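Geometric and topological summary
The primary structure of each chain is shown beneath.
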Amino acid sequence: MQVIDDEYYMGLALDMAERAQGQTGVNPVVGAVVVKDGALVGLGTHLERGTPHAEVHALNMAGANAKGSSVYVSLEPCSHYGLTPPCAERLITEGVKRVVIACEDPNPQVAGRGIAMLRSQGIEVKVGVLRERALKINRKFIKFITTGLPYVTVKTASTLDGKIASRTGDSKWISNEGAREIVHTMRHRHQAIMVGVSTVLADDPQLTTRLSVPGLSPVRLIVDSTLRIPESAKVLQDHAAPTILLTTELADPAKAEVLTSLGAEVMRCGSGPQVDLKLALEQLGAKGISSVLVEGGGRLNGSLLQNRLVDEIVLFFAPKLIGGEEAAANFRFDGFDLMRDAVTLRDMEVTQIGDNVCIRGYPVWSET
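Residues numbered from 1 in each chain as written. Predicted model: local features only at pLDDT ≥ 70, side-chain atom pairs only at ≥ 80, totals over all residues. Heavy atoms only, no water.

Another point: the packing of aromatic side chains. Counted by the stated rule, this structure contains 3 aromatic pairs. Here Tyr8 and Tyr9 contribute two aromatic rings whose centre-to-centre distance is 5.3 Å and whose plane-to-plane angle is 85°, an arrangement assigned as edge-to-face. The exposure class assigned to Tyr8 is partly exposed, which follows from its relative accessible area of 32%. Look at Phe333 and Phe336: their rings are 5.9 Å apart centre to centre, the planes differ by 75°, and that puts the pair in the edge-to-face class. On the basis of relative accessible area, Phe333 is assigned to the partly exposed category, the value being 28%. For Phe336, a relative accessible area of 45% gives the class partly exposed. Taken together through their ring pairs, the aromatic side chains of Tyr8, Tyr9 and Tyr72 make up a single cluster. The ring of Trp173 has Arg180 lying over it, and the distance from NZ or CZ to the ring centre is 4.4 Å. (Phe/Tyr/Trp six-rings, centres within 6.5 Å; stacked < 30°, edge-to-face > 60°. Buried < 20%, exposed > 50% of the residue type's maximum accessible area, 1.4 Å probe, protein only. Lys NZ or Arg CZ within 6 Å of the ring centre and 35° of its normal.)

So, in structure tokens, the structure goes:
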């Protein structure tokens, strides 16, 4: 049984924040809890960009009980006027006694100012309760707000010998149904999904979120240097989610015009012959896309890895061995001469899903 203390209430705030992942856009996910005289009197979660923040929902629920209460919030309360008024100001107005914060907000418009505002009004502030968990939950937001670049997660499913398809190109299905449900949850929690045009040509995927309950479908990104995508592709015809074609200056303007008429956006990323993936991510960040889930083939995965553009890797392994020298591998790039130069993953998590194994980790990039 868990002891009721600051971590107990912060854990509740973080639980609520975590369940809103995917629906706040470029905004962070935040949970808030109001406690008065030992009782829970208010709960709140930030649900959508431009709508009231978690603290506001929790204080509204608490009503008159907010005065003299303790408020637990998973991210530093904002101190500036944006699409909504500052939460720090609302906490002061309500007369709360104590505010417990998991971690500071890295947004340059906040960055400690919310904490300072609360303390200047005599409110007791404690910072750092369950900090690491809070930082992990908002890792996509932190990457975007500090760099302007989307957080990139590469997901791949392979056999135990690292093959994502047989030598004939057959790939359905490598992973089991439970693993595929997790992947659709990942789609719900990212703003965009990226594949290469070869995946579209081979599988004609929908790239939408399909769960047992309604989910949010990400923006579909197709890396297509010469606009080989057929007009009949599902991502162009179903209008289930926006589609952006990442191409180069070499792509045929006439084909681009046709694709635009079908509702797709054509984004030119470099002069060619290949899409400049770093430039593509910069342009996507400028459009307000803060996270990208990559479900591409080995070449796209490898190119992103080789260019150090990957923040997280999620690998699903099925208990199968298929062999074949020409069978596609999950990462295709030039590689390294020495084992000591290999890309390593930190903070590894290993989960068994039926007969599949999921390995999640974060690449360690050297300074050079």
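Here the focus is helix α6 (residues 139-147). Within α6, burial applies to Arg139, Lys140, Phe141, Lys143 and Phe144. In this structure, the buried residues of α6 make contact with α5 (131-137), β6 (151-159), α11 (277-286), β11 (291-294), β12 (312-318) and β14 (356-363). Phi turns positive one or two residues past the end of α6, at Gly148, with a value near 80°. (Helix = DSSP H or I, 4+ residues; strand = E, 2+ residues; numbered from the N terminus. Contact = heavy atoms within 4.5 Å.)

All right, on to the packing of helix α2 (residues 54-62) against helix α3 (residues 87-94) then. Running from N to C, α2 and α3 cross one another at 20°; their axes reach a closest spacing of 9 Å. In terms of axis orientation, α2 runs roughly parallel to α3. Where α2 crosses over α3, the handedness of that crossing is left-handed. Where α2 approaches α3, its residues Glu55, Val56, Leu59 and Asn60 are matched on the opposing element by Cys87, Arg90, Leu91 and Glu94. By residue class, the composition of the contact of α2 with α3 is 4 nonpolar, 1 polar and 3 charged. (Axes fitted to C-alpha atoms, helices over the stretch in contact; angles between N-to-C directions. Parallel < 35°, antiparallel > 145°, perpendicular 65-115°, else oblique. Left-handed = near helix turned anticlockwise from the far one by under 90°. Nonpolar A, V, L, I, M, F, W, Y, C, P; charged D, E, K, R; others polar.)

Looking now at the sheet that holds strand β4 (residues 98-101). Strands sit in the order β2-β1-β3-β4-β5 across an open sheet of 5 strands; the sheet is mixed. Each end of this open sheet is capped by a strand with a single partner; those strands are β2 (39-45) and β5 (124-127). Sheet twist, expressed as the mean angle between neighbouring strand axes with direction ignored, is 15°. Two strands pair when backbone bridges link them, and β4 and β5 are joined in this way by 4 bridges, in the parallel orientation. Opposite Val100, over in β5, you have Lys126 as the bridge partner. On top of the sheet, helix α1 (residues 6-18) reaches β1 (31-36), β2, β3 (70-73), β4 and β5; it is set at about 145° to β1, its chief contact. Packing against the sheet, helix α4 (residues 113-120) makes contact with β4 and β5, and its axis sits at approximately 150° to β5. (Pairing = 2+ DSSP bridges.)

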